[in-house]
Amino acid sequence: MQFIERKSSFAVKQLFVNLLLAPIIITLTTNTPTSSAMNLFENYSLSTVEIIQNNGYEVEVHNVITADGYILELHRIPKSKGGQEPTRNHPLFIHHGILGTSADWVLAGAAMSLPMQLANAGYDVWLANCRGNTYSRKHISMTYKQKAFWNFSLHEVGKYDLPASIDYILATTNTSQLHYIGYSMGSCVFFIMGSERPEYQPKIRSQISLAPVAFLANTRSSLRFMAPYAKMLNIVYQRMWKGMFMPQSNMQKFLASTICRERITQRMICEKCIIFSVCGSDPYHFDTKLIPLIMGHFPAGTSANLAAHFAQFILKDTFGQYDYGRAMNLRHYNSTEPPTYDLKSIRVPITLIYGENDILADTIDVMKLKAQLPMVMDAFPAKSPYFNHVDFLWSTSVVEQINNPVKEILQKTDDLSWTYTGPAATSTAVDAVVPVVRQPPIQILQLNPLSGAVNLAPSLEFFAENLDAIIASTMPVPVDERDAAVFEMEREQQRLLFGGVIRFAQAAEKKYGQLREEFTNEISGWADDVATGAETRVKQTAVLVNGKIAFAGHSVAGAVGKAEHFVVGGVGKAEQTVAVGIGKAQNYVSYGLNKADRAVNGALNATVGRVGRVLWFWK
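Thresholds, definitions, all that
Residues numbered from 1 in each chain as written. Predicted model: local features only at pLDDT ≥ 70, side-chain atom pairs only at ≥ 80, totals over all residues. Heavy atoms only, no water. UniProt positions renumbered as here; feature names shortened; annotations may be inferred. Phe/Tyr/Trp six-rings, centres within 6.5 Å; stacked < 30°, edge-to-face > 60°. Helix = DSSP H or I, 4+ residues; strand = E, 2+ residues; numbered from the N terminus. Buried < 20%, exposed > 50% of the residue type's maximum accessible area, 1.4 Å probe, protein only. Lys NZ or Arg CZ within 6 Å of the ring centre and 35° of its normal. Pairing = 2+ DSSP bridges.

If you check an unreviewed UniProt entry, the chain appears there as Partial AB-hydrolase lipase domain-containing protein from Acyrthosiphon pisum. You can read under Sequence similarities (unreviewed entry) in the UniProt record for the chain the words "Belongs to the AB hydrolase superfamily. Lipase family."

**Q** Before we go on, may I ask you to explain the packing of aromatic side chains in this structure?
**A** Each pair of aromatic rings is reported with the distance of its centres and the angle of its planes. Applying the stated criterion to the full structure yields 19 aromatic pairs. Between the aromatic rings of Phe319 and Tyr341, the centroid separation amounts to 5.0 Å while the plane-to-plane angle is 50°, which identifies the pairing as tilted. Here the residue Phe319 occupies a position in the loop between helix H12 (304–316) and helix H13 (326–333), and Tyr341 occupies one in the loop between H13 and strand S10 (350–354), the gap between them amounting to 22 residues. With a centroid separation of 5.1 Å and an interplanar angle of 80°, the aromatic rings of Phe387 and Phe392 are classed as edge-to-face. Phe387 sits in the buried class, given a relative accessible area of 0%. Connected via pairs of aromatic rings, a cluster forms that spans Phe215, Phe310, Phe313, Phe319 and Tyr341. When the ring centre of Phe152 is taken as origin, the NZ or CZ atom of Arg131, which lies over that ring, is 5.6 Å away. Taking NZ or CZ as reference, Lys368 lies 4.7 Å from the ring centre of Phe215, over its face.

**Q** What is the right way to read the pairing of strand S2 (residues 70–77) from this model?
**A** Consecutive side chains along a regular strand alternate between the two faces of the sheet. Counted residue by residue, S2 has eight buried out of eight residues, so it is predominantly covered. Because side chains alternate across S2, one face comprises the buried residues Tyr70, Leu72, Leu74 and Arg76, and the other comprises Ile71, Glu73, His75 and Ile77, equally buried. Both strand S1 (residues 60–65) and S2 contribute to a ladder of six bridges, which runs antiparallel. If you follow Glu60 over to S2, its bridge partner there is Arg76. Here S1 folds back onto S2 in antiparallel fashion, the turn holding four residues, of which Gly69 has a positive phi close to 95°. Two strands pair when backbone bridges link them, and S2 and strand S5 (residues 138–139) are joined in this way by two bridges, in the antiparallel orientation. Residue pairing across strands places Tyr70 opposite His139, the latter belonging to S5. Examined bridge by bridge, S2 and strand S4 (residues 125–127) share three bridges and lie antiparallel to one another. Residue pairing for S4: Ile77 is matched across the bridge by Val125.

Here it is, written out as structure tokens:
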């Protein structure tokens, strides 16, 4: 019952937030001509293939079947924009982040897109789509509407998706090695593959991790405040949506073409609420014009188990397999705790590129990862000290900060004469890059779970009381004097926005509570009236029934007496009838016996006479 009440409360909160946004949607759509709105909707609905084609590149679609039956869609850019065939020695495999797709790499257009620029540089470029996203929702024996389809975590993506895709690419291109670039989750699943499928390590020419993710204990993202509730939220998603988590929807595309298109709501809602607090962005160089396009493709769906796996990294400060709970862990792993991935066993040349202001992949966690990888070619931050998580894809300076350094690394490692000359592959200690010095140091807010048996999410009171601390946690780290005024303005905007939403939700929740109490009282009164009336009718019915029973008793007693007399008389008559019958039968039997005796005697006498005459004749 408590679960239902909390779930109802959660749904009501969501409803009121939607009502809050409704006037904005109506205003925007009213001021936008129908044809224009439809064109916007169509533009934000373009697929990866259409975006690449619109930028003047050829594109191919390939389907790959994993060992456990998932059908993955790979997007290939086989030639440069001018139609030139690949000139490099090894193909290039690029993997997206969590809740993303191959579209994330190309929606900003050729001027910013890393895959398109690498295709121009002579590489055969392949873009991944992991199971469960918009392009990879097929299976050889299941549909995405079945619960079993969504029973996967990061472990299955690393263990099955990557090997299947790598084998297919190498077979199609007739090569023995490829380059791998992974962004955020794309780096995480690579480390899982390297640990769980060591036979694939020789197939990787080089690996580049952008905003690498393995350890997340020091993350400053707002996701940290939801992590303690991940298991309960996972249960909710399993029961209500069969384990599917945040799939792409038409409503999402509609919002992208309305709310996220207008400048005010774009910055206040789409950038601040959705992008900034979760993934973080450079306050000076994030390309806000891309927000409608981003919201038209992101999020693209995954499994609730995969999201819970990430939350596990935040809570446990370990890079381990999926935690099913102590009892189920015994069945899966023969241990109450899930095993950790062996990063020290990965013998692949790896480059780590990170952001010093990344609120999701914090520098401290990146350095912890670096220290455990035995073949790190290099580890360096983006040049801008403001570089944040999504800036690896959509910063206005992404070409200078990311694309050009990646091209230089690949040009070196793609040479057939190149060999790894970094730290020895057997080494486990790697000199760490000195993390960025934070002034003032960031204090990580500790989340204390709410009391009670069931907690779906932090309460509104929690956010209201800790709003300033939460905003401070997710803010970029100041670098110079100009940041003070800019960042203070950012904080104030977020206080106004989130504070207003929280107060509105609290008022709505209070009103909902009052309405619920009034409704409950009304129902209780009605129930009391019904119960009182029912009790009176029951008493009346009881008196009536008792009278009927008494009358029936008298009737039954009389009937029984008459029946007894009838039976006694009947028995007497029956006895007389039987006696007469027996007497008659005895007389009849005696008469018959006498007649029989006479007949027998006559026959004997006749027989004796005949025997006597025969004997006299023989004499």
